[in-house]
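Structure at a glance
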Amino acid sequence: MSSRKLALEDIDLLEANFQSVQGAGEAQWLGFWDTNKLRARVGQDQLIGNADGALAVCLGEQVIGKVDWFTVSSWGRANTSACWEVAIGIFAQYRGQGHGTQAQKMLVD
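Let me begin by describing the structure that accompanies this report. All figures in this text were calculated on a predicted structure; none of them were measured in a lab.

With that settled, consider the layout of surface pockets. With a probe scaled to a water molecule rolled over the atoms, the places where space remains empty come into view. Here the largest pocket defines a volume of roughly 770 Å³. Taken together, 28 residues form the lining of the largest pocket, with F18, W33, K66, D68 and A87 sitting closest to its centre. Elements represented by at least two residues in the lining of the largest pocket include exactly α1 (8-18), α3 (35-45), β2 (52-59), β3 (62-74) and β4 (82-90). Broken down by element, the residue count for the lining of the largest pocket peaks at five residues, all from β4. Across the lining of the largest pocket, the residue classes break down as 16 nonpolar, four polar and eight charged.

Before going further, it helps to examine the nonpolar core. Among the nonpolar cores identified, the biggest contains 12 residues, and these are L6, I11, L14, F18, L38, V42, L47, A54, A56, C58, V63 and F91. Among the elements of the structure, α1, α3 and β2 are those that each provide at least two residues to this core. Not counting the four nearest positions on each side in its chain, V63 is found in contact with R4, D10, L13, A56, V57, C58 and F91. In this structure, V57, V67, I90 and A103 belong to the second largest nonpolar core, which totals seven residues.

In this model, Q46 sits at a positive phi of 55 degrees, which is unusual for a non-glycine residue. Mapped onto the secondary structure, Q46 falls in the loop between α3 and β2. The partly exposed category is assigned to Q46, whose relative accessible area is 34%. Of note, the phi angle at L47 is positive, near 60 degrees, even though the residue is not glycine. Within the secondary structure, L47 is located in the loop between α3 and β2.

Definitions and limits used
- Residues numbered from 1 in each chain as written.
- Predicted model: local features only at pLDDT ≥ 70, side-chain atom pairs only at ≥ 80, totals over all residues.
- Heavy atoms only, no water.
- 1 Å grid on protein atoms, 1.4 Å probe; cavity = no way out; pocket = protein on both sides within 12 Å on 5 of 7 lines; lining within 4 Å.
- Points joined across faces, edges and corners; volume = space filled by probe spheres on them.
- Helix = DSSP H or I, 4+ residues; strand = E, 2+ residues; numbered from the N terminus.
- Nonpolar A, V, L, I, M, F, W, Y, C, P; charged D, E, K, R; others polar.
- Core = buried A, V, L, I, M, F, W, Y, C linked by side-chain atoms within 4.5 Å.
- Buried < 20%, exposed > 50% of the residue type's maximum accessible area, 1.4 Å probe, protein only.
- Contact = heavy atoms within 4.5 Å.

Given below as structure tokens:
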């Protein structure tokens, strides 16, 4: 298991796997989202920013999902007190095998 910066071709995989109730899973289906924004971010900063980001989760060379992080709120001074949220999206056929847990642990480390 490894992670790497997202590439444009990865956005096609994310779109194919997460743009449906079956792909995202009933608990994670939040409706359709604009993947053009993701494509623009890949071109801008490969989805690695100061306030948020995402990495491809890979099993060997195969992308099996993504892990995200973003600020959700802050307390105290805004430039030093961000609260971070970590999210995971693993493609359906790879769920339940510990890949999401491992990817999140790797991100935190």
